[in-house]
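Read off the chains here:
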Amino acid sequence: MSASLSLSQARRIALNAQGLARVRPTEPVNARVVGRTFAQLQLVQIDSVNVISRSHFLPFFSRLGNYDRNILATLAGTAPRAMMEYWAHEASFIRPEHFHDLKAWQNRQWVGSGGLDPQLRESLETKILALLAHSRALTAREVKDAIGHEEEKNRDEWGWNWSAVKRALEGLFERGVVGAASRNEQFERRYSLVEKVLPPAFRSTPSGEDRQDAMDRLIEAAATAHGIGTVRCFADYFRLPVKEAARSVAHLVEQGTLAPVSVFGWAAPTYLHTAAKIPRKAQGRALLSPFDSLVFERRRLQNLFDFHFRLEIYTPAAKRKYGYYVLPFLLGEDIVARVDLKADRAGGQLLVRGAFAEPGAPPETAVELADELALMARWLGLDDVVVLENGDLACALARECASSHVDWKRHF
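Cut-offs applied
- Residues numbered from 1 in each chain as written.
- Predicted model: local features only at pLDDT ≥ 70, side-chain atom pairs only at ≥ 80, totals over all residues.
- Heavy atoms only, no water.
- Helix = DSSP H or I, 4+ residues; strand = E, 2+ residues; numbered from the N terminus.
- Buried < 20%, exposed > 50% of the residue type's maximum accessible area, 1.4 Å probe, protein only.
- Contact = heavy atoms within 4.5 Å.
- Pairing = 2+ DSSP bridges.
- Domains from an automatic or database assignment.
- Core = buried A, V, L, I, M, F, W, Y, C linked by side-chain atoms within 4.5 Å.
- Axes fitted to C-alpha atoms, helices over the stretch in contact; angles between N-to-C directions.
- Lys, Arg positive; Asp, Glu negative; His and termini not counted.
- Salt bridge = Lys/Arg side-chain N within 4 Å of Asp/Glu carboxyl O.
- Polar contact = N/O pair within 3.5 Å; in protein donor to acceptor, adjacent residues only side chain to side chain.
- Phe/Tyr/Trp six-rings, centres within 6.5 Å; stacked < 30°, edge-to-face > 60°.
- Lys NZ or Arg CZ within 6 Å of the ring centre and 35° of its normal.

A. Fine view of the overall build of the protein. Looking only at helices and strands, one finds 15 helices and 14 strands in the protein. For the protein, the spread of C-alpha atoms along the principal axes amounts to about 65 × 60 × 45 Å. For the protein, the proportion of its 412 residues judged to be buried stands at 53%. Sequence-distant contacts, at least 24 apart, represent 66% of the contacts inside the protein between residues at least 6 apart.

B. The arrangement of the pairing of strand 14 (residues 384-387) in detail. Burial along strand 14 is one-sided: Val385 and Val387 are buried, and none of Asp384 and Val386, which face the opposite way, are. For strand 13 (residues 349-357) and strand 14, the ladder comprises four bridges, and the chain directions are parallel. When the bridges of strand 14 are listed, Val352 appears paired with Val387.

C. Broad picture of the domain arrangement of the protein. Along its sequence, the protein is organised into domain 1 (4-96 + 205-273), domain 2 (105-197) and domain 3 (310-409). Taking the mean C-alpha position of each, domain 2 and domain 3 sit 39 Å from one another.

D. Just unusual backbone geometry, in detail. In this structure, Pro80 follows Ala79 across a cis peptide bond, with omega equal to -10°. By secondary structure assignment, the location of Pro80 is in the loop between helix 4 (70-77) and strand 3 (84-87). Not every positive phi belongs to a glycine, and Phe187 is a case in point at roughly 70°. Along the chain, Phe187 turns up in the loop between strand 5 (178-183) and strand 6 (189-193). With phi around 55°, Asp306 is a residue other than glycine that occupies positive phi space. Within the element layout of this structure, Asp306 appears in the loop between helix 13 (298-305) and strand 11 (326-331). The class for Asp306 is exposed, based on a relative accessible area of 58%.

E. Spotlight on the pairing of strand 11. Among the six residues in strand 11, six count as buried, and that is most of the element. Residues Val326, Pro328 and Leu330 of strand 11 are buried on one face, and the alternating residues Leu327, Phe329 and Leu331, pointing to the opposite face, are buried as well. Examined bridge by bridge, strand 10 (residues 285-287) and strand 11 share three bridges and lie antiparallel to one another. Looking at strand 11, one finds that Ala286 is bridged to Leu330. As judged from the six bridges shared by strand 11 and strand 12 (residues 334-344), these two strands associate in the antiparallel manner. Within the sheet, the bridge partner assigned to Val326 lies in strand 12 and is Asp340. The antiparallel pairing of strand 11 with strand 12 creates a hairpin that spans two residues between the two strands, and Gly332 there sits at a positive phi of about 65°.

F. Fine view of the nonpolar core. In this structure, Phe238, Leu373 and Met376 are the most contacted members of the largest nonpolar core, which totals 92 residues. Residue contributions to this core peak at nine residues, all from helix 14 (residues 365-380). Once residues lying within four places of it in the same chain are set aside, the contact partners of Phe238 are Gln42, Leu43, Ala88, His89, His98, Leu102, Leu218, Ala221 and Ala222. Core analysis: the next-biggest nonpolar cluster, separate from the first, contains 25 residues, Leu5, Ala282, Leu288 and Phe309 among them.

G. Molecular detail of the sheet that holds strand 2 (residues 43-45). The antiparallel open sheet is built from three strands, whose spatial order is 2-4-3. Looking at strand neighbours, the two that pair on one side only are strand 2 and strand 3, the edges of this open sheet. Each strand of the sheet is rotated relative to its neighbour by a mean of 35°, with strand direction disregarded. Direction of pairing for strand 2 relative to strand 4 (residues 91-94): antiparallel, over a ladder of three bridges.

H. Focus on the side chain of Arg81. Take Arg81: it is sitting in the loop between helix 4 and strand 3. Of the side chains with opposite charge, Glu85 lies nearest to the buried Arg81, which makes no salt bridge, at 8.8 Å. Within the structure, the side chain of Arg81 is placed 2.9 Å from the backbone oxygen of Ala76, a separation counted as a polar contact. A distance of 3.1 Å separates a polar side-chain atom of Arg81 from the backbone oxygen of Ala181. In contact with Arg81, not counting residues within four places along its chain, are Leu75, Ala76, Pro96, Ala181, Lys196, Val197 and Pro199.

I. View of the environment of Ala318. You can see Ala318 is positioned in the loop between helix 13 and strand 11. For the pair Ala318 and Asp101, spaced 217 residues apart in sequence, the C-alpha to C-alpha distance is 43 Å.

J. The packing of aromatic side chains, seen in detail. Taken as a whole and judged by the stated rule, the model has nine aromatic pairs. On the basis of an interplanar angle of 25° and a centroid distance of 5.6 Å, the ring pair of Tyr67 and Trp379 is categorised as stacked. Taken together, the positions of Tyr67 in the loop between helix 3 (58-64) and helix 4 and Trp379 in helix 14 put the pair 312 residues apart, joining distant regions of the chain. Using a relative accessible area of 4% as the deciding quantity, one classes Tyr67 as buried. Pairing Tyr322 with Phe356 gives two aromatic rings, centres 4.9 Å apart and planes at 80°, and the pair type is edge-to-face. Pair noted here: Tyr322 is in the loop between helix 13 and strand 11 and Phe356 is in strand 13, with a separation of 34 residues, a long-range link. Each member of the aromatic cluster is reached from another via a ring pair, and the members are Phe60, Phe61, Tyr67 and Trp379. Over the face of the ring belonging to Phe187 we find Arg54, whose NZ or CZ atom lies 4.4 Å from the ring centre. The positively charged end of Arg211 is found above the aromatic ring belonging to Trp105, 3.7 Å away from the centroid.

Written out as structure tokens, the structure reads:
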């Protein structure tokens with residue numbers, strides 16, 4: 001018979017697996033601590049949205065508090081890399097040991113060179129690979145200039161409107177031939193041959209294995225990062241096909257890595273990683289990026305926390321319910337509020353454009369959220385937190401931010 005768990009136990013398992021169950025460290029956060037956090041998460045999604053900070057910086061703030069963002073550039077851009085870019089959940093930082101496994105299941109040809117004329121694509125790829133074999137890492141613009149490719153830019157296309165060189169580079173990136181050695185200040189990838197990016201220990205492809213072996217490893221990594229979940233949860237973490245993921249879950253159950261469990265209120269078959277721990281209490285407090293791995297899978301988020309979340313960036317302003325860039329607020333084992341935030345860097349302010357309490361939010365929500373916003377402002381190098389009159393939590397939050405302003409500003 002499978003073990004039975006309460007919803008509270010399932011929440012604590014999930015939060016602990018994601019590094020969100022404990023109080024943040026009080027000592028300064030160094031590269032080793034950031035690296036351990038990344039290894040626990042297995043991946044961090046990358047997105048260019050910079051309303052508060054680049055999205056990949058936020059999961060580390062949520063778990064570690066005030067840390068130096070330059071650490072990530074070192075971990076991802078200095079050999080031997082502890083993290084590297086590839087397609088996973090979406091464009092993500094991944095652990096280098098997962099690269100070949102993810103490459104075996106990569107299927108995002110629409111992003112790069114799939115639509116290019118085949119002869120043009122072949123010609124560009126030949127020139128690009130010859131260039132990168134003997135050069136430092138280069139941006140797409142630098143590659144374009146170096147190979148002397150000229151083209152008339154099409155301004156009629158909606159979207160990224162990439163040059164043919166950029167599309168060819170992204171096609172090579174998708175196929176795992178070219179990697180991202182680093183990013184520049186404009187957030188552009190610097191491309192290099194992937195063997196120059198991968199640490200030496202992971203440059204060779206595992207021999208004598210098939211794609212299902214790769215799937216088994218990825219699902220085990222996803223289950224480790226989740227602690228508990230369904231096949232759908234585990235498959236979504238690296239955006240893997242559900243049918244093949246189900247076979248891997250069955251393999252991992254046979255091996256004793258996963259164990260079937262039942263969770264009160266959950267209908268779908270659920271599995272516990274046998275190494276997962278159940279803390280007695282969840283004591284974390286965090287503002288979560290819309291791209292945080294805890295909130296990747298919206299159905300899981302609803303089942304775990306009774307929290308419905310929708311990213312409204314692409315929703316017309318008049319139709320948004322909560323705002324443009326909304327962060328859930330985790331307190332203990334509950335998501336108790338959500339806030340629409342914007343960093344006004346020119347004005348030195350963290351703007352709270354909307355603040356909304358969840359049903360049953362505890363009385364201390366405004367106090368705890370004010371402290372968390374103050375911490376975020378300090379991390380971002382901003383001087384103040386300004387709460388606009390929008391949302392049922394806004395008045396109480398503005399009061400708390402005003403009363404604590406003198407205390408936290410002294411620490412700048």
